[in-house]
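# Commentary on secondary and tertiary structure
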Amino acid sequence: MARKTVVIHFPRLGVPLYTHENITLSEVAKEIARINDDEFAGCYDKARHGYKDIFFVPSDALILNEASELGIHGSAGLFGAVVPYPFVKTKAITHRLVDGCADRPEGWSSGFAQRVRRAVLPGFTAFNAHDARLAAAGLLAHGAIRVKDPLGDGGHGQTVITSPDALNEMLEKYPEEKLATHGLVLEMNLRRAVTLSVGQITVGDLAIAYHGTQRTVTNNRGRSVYGGSRLVCVRGGWEALEDLPVSPETRLAIAQARSYDQAATEYPGFLATRRNYDVGQGIDEKGRWRSGVFEASWRSGGASTAELAALSEFAQNPAVQVIEASAVKEFGRAPTIPLGSVIHFWGDDPEEGPLVRYTLVTRQGTQPSLHFSDSKRCARVGKLGVMPSEDRVAADN
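Below or above, wherever it landed, is the structure these notes cover. (Residues numbered from 1 in each chain as written. Predicted model: local features only at pLDDT ≥ 70, side-chain atom pairs only at ≥ 80, totals over all residues. Heavy atoms only, no water.)

## Re the pairing of strand S3 (residues 54-58)
- For S3, the buried fraction is high: 5 of the 5 residues fall into the buried class.
- Residues Ile54, Phe56 and Pro58 line one face of S3 and the alternating positions Phe55 and Val57 line the opposite face, and both faces are buried.
- Examined bridge by bridge, strand S1 (residues 5-9) and S3 share 5 bridges and lie parallel to one another. Counterpart to His9 in the pairing with S3 is Pro58. (Buried < 20%, exposed > 50% of the residue type's maximum accessible area, 1.4 Å probe, protein only. Helix = DSSP H or I, 4+ residues; strand = E, 2+ residues; numbered from the N terminus. Pairing = 2+ DSSP bridges.)

As structure tokens, this is what we get:
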């Protein structure tokens with residue numbers, strides 16, 4: 001079989017990345033090339049790569065017309081996703097509109113919003129200030145709500161409000177054009193919330209699915225942000241994941257993520273080889289336990305190094321069926337890194353300050369695999385940070 005050329009690509013409408021994210025994206029592409037015995041060729045350059053058999057690792061989901069220009073017409077040519085409109089790749093699609101007269105972008109699918117209603121928390125998406133106030137009026141009757149910038153990730157761009165006045169103050173500062181183009185998400189706020197990761201990836205003939213838990217850390221500015229994911233990965237797709245012995249809470253999260261995933265077909269032209277869903281579980285203002293998909297990530301993301309580390313282990317060891325892999329992000333100048341970690345970035349990010357990103361793989365029932373990166377070896381050994389535990393209470397959806 002002819003070797004493909006694996007490249008990273010920065011879409012025209014892609015989200016900006018931090019330096020450590022750019023470096024990690026390259027590491028993801030290199031690992032895909034290694035797994036498939038392909039060639040990694042850096043950033044895509046049409047003049048150099050235009051006539052080769054290209055495999056793309058884009059920094060963000062591609063819009064359908066750009067994917068066509070790149071020659072991507074199916075899932076075999078990329079690690080990521082193709083969507084028909086820019087808003088589809090954001091959390092704006094997670095919730096329905098306030099009513100049939102609400103503003104909406106071209107291509108909005110009411111069918112998708114209807115199909116995912118039981119898989120998400122109570123909430124709305126609004127594309128103007130009037131609709132945002134209507135949405136808040138209904139939600140605030142049940143307690144605090146979380147207002148989200150659809151373009152925010154890693155916990156950024158979110159505000160909890162408890163009154164109409166607080167929303168009005170926020171809307172006065174929110175750019176009208178941004179609201180009309182990208183929207184604003186308003187959903188029920190959860191206390192003591194845990195975020196689970198549920199997903200599936202496919203690279204060539206290999207597929208894995210997983211469930212896991214995200215961790216929150218404090219960044220160099222004192223803010224709580226995403227700090228990585230611990231994943232339990234299984235060889236195969238959704239069906240293999242559903243066969244794993246898991247808690248009722250995790251089983252519900254898997255079912256909700258799969259429902260969201262299936263509904264994505266409501267958007268014509270959608271395709272994805274990387275499917276990751278954040279599922280929030282916690283307590284609402286009335287003390288009821290809730291569970292729902294927060295958002296989807298169809299591009300290479302924070303957990304992708306763990307996903308590919310597991311995929312690589314499966315490729316090398318046909319007898320292995322389940323693997324635990326952790327993608328970790330730590331801030332500060334002297335992090336403790338467990339023996340066996342593969343380090344992707346360790347230094348000063350110009351925007352985020354000192355941090356380290358690494359991946360650790362543990363086969364089920366064994367000690368951590370003793371793998372090191374080619375360029376750096378960890379010099380300090382310590383315990384991997386503890387992930388949040390799940391709330392052991394019955395779901396009330």
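Now that the structure is up, let's keep going.
## Remarks on the side chain of Asn128
- Along the chain, the position of Asn128 falls in the loop between strand S6 (123-126) and helix H5 (129-140).
- Judged by its relative accessible area of 19%, Asn128 is buried.
- Among the polar contacts listed, one links the side chain of Asn128 to the backbone nitrogen of Asp131, at a separation of 2.6 Å.
- For Asn128, the contacting residues outside a window of four places in its chain are Asp103 and Leu179. (Polar contact = N/O pair within 3.5 Å; in protein donor to acceptor, adjacent residues only side chain to side chain. Contact = heavy atoms within 4.5 Å.)

## Here we look at the sheet that holds S6
- On the basis of which strands lie adjacent, the open sheet formed by 4 strands has the order S6-S9-S7-S8 and antiparallel pairing. The strands lining the two open edges of the sheet, one partner per strand, are S6 and strand S8 (158-161). Taking the axes of each pair of neighbouring strands and ignoring which way they run, one obtains an average angle of 20° across the sheet.
- Relative to strand S9 (residues 184-188), strand S7 (residues 145-148) runs antiparallel, the two sharing 4 bridges. The residue bridging Arg146 from the neighbouring strand is Glu187, located in S9. (Axes fitted to C-alpha atoms, helices over the stretch in contact; angles between N-to-C directions.)

## Some points on the packing of helix H1 (residues 19-35) against helix H10 (residues 304-316)
- Where H1 contacts H10, the two axes come as close as 10 Å, and the packing angle between them is 15°. Here H1 lies roughly parallel to H10, going by the angle between them. As for the relative orientation of H1 and H10, their crossing is left-handed in sense. Here Thr24, Val28, Glu31, Ile32, Arg34 and Ile35 of H1 come into contact with H10, specifically with Ser304, Thr305, Leu308, Leu311, Ser312 and Gln316. (Parallel < 35°, antiparallel > 145°, perpendicular 65-115°, else oblique. Left-handed = near helix turned anticlockwise from the far one by under 90°.)

## Focus on the pattern of salt bridges
- The full count for this structure, using the stated rule, is 19 salt bridges.
- A salt bridge links Glu239 to Arg258; its shortest N-O distance comes to 2.7 Å. Here Arg258 lies in helix H9 (residues 248-263) and Glu239 lies in helix H8 (residues 238-242), a separation of 19 residues in the sequence.
- Its relative accessible area of 48% is what places Glu239 among the partly exposed residues.
- Its relative accessible area of 16% is what places Arg258 among the buried residues.
- It is possible to trace a salt-bridge network through shared partners that takes in Glu239, Glu242 and Arg258. (Salt bridge = Lys/Arg side-chain N within 4 Å of Asp/Glu carboxyl O.)

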